[in-house]
Amino acid sequence: MCKKKLMTAILVTTMVMGSTLTAFAADAGGDAASKSGGTSGSGTSEGHLEKVVESMILPVVPADSSPFAYTMDPERLIQETSGKKYPEGSVFPAADSDTGVYFQTADKTYANTSNTLKAINDGSCDVTLTVKVKTTASAGGKDITLATSSTPAATGTPELYLGLAVGKGTPSVVSGTEATISKTIAGTPGNFEVTVDENNKYVYQKKADATTWKAIDISMTGAVSKLAIPEGTTAPTVDVTWAYAKAADGATVDASDQVEYKDVPDVAPSIEVKQYNYDRTTTFDIVTDFGSGDSAATSITSVKSGSSETEVNDDQTSACTINGNTITFPAGKFPAPAVGTKKYIKVTFDNDVSVVVELTITK
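Residues numbered from 1 in each chain as written. Predicted model: local features only at pLDDT ≥ 70, side-chain atom pairs only at ≥ 80, totals over all residues. Heavy atoms only, no water.

On the basis of which strands lie adjacent, the open sheet formed by five strands has the order β15-β22-β21-β17-β18 and mixed pairing. The open sheet has two edge strands with one neighbour each: β15 (275-278) and β18 (311-315). With strand direction ignored, the average angle separating the axes of adjacent strands in the sheet is 35 degrees. As paired strands, strand β21 (residues 342-349) and strand β22 (residues 354-361) are joined by seven bridges and run antiparallel to one another. Residue pairing across strands places threonine 348 opposite serine 354, the latter belonging to β22. (Pairing = 2+ DSSP bridges. Helix = DSSP H or I, 4+ residues; strand = E, 2+ residues; numbered from the N terminus. Axes fitted to C-alpha atoms, helices over the stretch in contact; angles between N-to-C directions.)

Ranked by size, the top nonpolar core spans 26 residues in total, and within it Phe68, Leu129, Leu160, Leu164, Met220, Val238 and Val240 carry the most contacts. Going through the elements one at a time, β2 (101-106), β4 (117-121), β5 (127-136), β7 (159-166), β9 (179-185), β12 (212-224) and β13 (237-246) are the ones with two or more residues in this core. Setting aside its immediate chain neighbours within four residues, leucine 164 contacts Phe68, Val131, Val133, Pro171, Ser172, Val174, Ile181, Ile218, Ser219, Met220 and Val240. Ile300, Phe329, Phe334 and Ile345 belong to the second largest nonpolar core, which has 20 residues in total. (Core = buried A, V, L, I, M, F, W, Y, C linked by side-chain atoms within 4.5 Å. Buried < 20%, exposed > 50% of the residue type's maximum accessible area, 1.4 Å probe, protein only. Contact = heavy atoms within 4.5 Å.)

Take the confidence of the model for the protein next. A low pLDDT means the predicted coordinates there should not be read in detail. Considering every residue of the protein, the mean pLDDT works out to 89; 91% of them sit at 70 or more. With pLDDT under 50 throughout, residues 1-26 is counted as low confidence; its partners more than four residues away or in other chains account for zero contacts. (pLDDT = per-residue confidence, 0-100.)

One open sheet holds the three strands; their spatial order is β1-β2-β3, and the pairing between them is antiparallel. Only two strands of the sheet have a single neighbouring strand rather than two, namely β1 (71-72) and β3 (109-111). Relative to β2, β1 is paired through two bridges, and the arrangement is antiparallel. Residue threonine 71 lies in a different strand from β2, and its bridge partner there is tyrosine 102.

Printed below as a string of structure tokens:
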């Protein structure tokens, strides 16, 4: 009986331990599904952004302007008469350096070389500027003979020389046959940046503080023989055109012909302080601002005074000292008016802009 109970206990224990070992074995080996795994992820791209901006600011000539229009004076009649045919105050080159061909560069101002036009590369890549020039004969066939060099004939048949400068090199002699001048101008990639626009798109655009670029100057010069010409002699028209394209791969930049162009706002001359207290026992300064860009002045041409803002006619230019943009009145200026009297000063700049300021005499 005891042996039977013992055998039963041993069998039960063996069965329990066997079951436990079987579970351990299953856990250690695992089934087929638990022996592998993985995942997948979709791919995206931020896309391509073209980091090239091809852009050029070509010269814009107003409809009522013609910078390369010229007058030739082979017989030097202007010099001989001191320019009496022209409005009073007109300025011409000095006689000893005058070449006899005149371009109007400002009101009542004439020079042997025209004003300069600028072609500005405001892009990130190099561009090639192509300028074409030729003359067109006047009707009637009486045009002066065109020179083939920058030195027109000193004797014999009178000649006219016209030269187009594109960059800093020697001007190209202009003739009736079209000439082509090409210059490659560097881009300024440092003036651009990659950013994200309002639509959350990548853009390659000009930096807000980008102001300095590379440019090429274009100008015309001229000279004419100092000889008598037949009655009715005419002068040809000169035609200049320009265009640009992205520079070819490997094109060499004409670095020596480039100039630096600074993009500044057009601001007229001004005087920040419009009302002053004037102590006549000491000197007194008025500080002006010449402005900037195409509207800027380069000097002060006149200073006038008056007793009202609209009647400012007494010339004080020689009575004060002008040093750059500062006007200095000496002590004791305007001795007659009583303390509290107001005087008005009109400052005129060399671009014909005038500014009036108010002075109150305090001592």
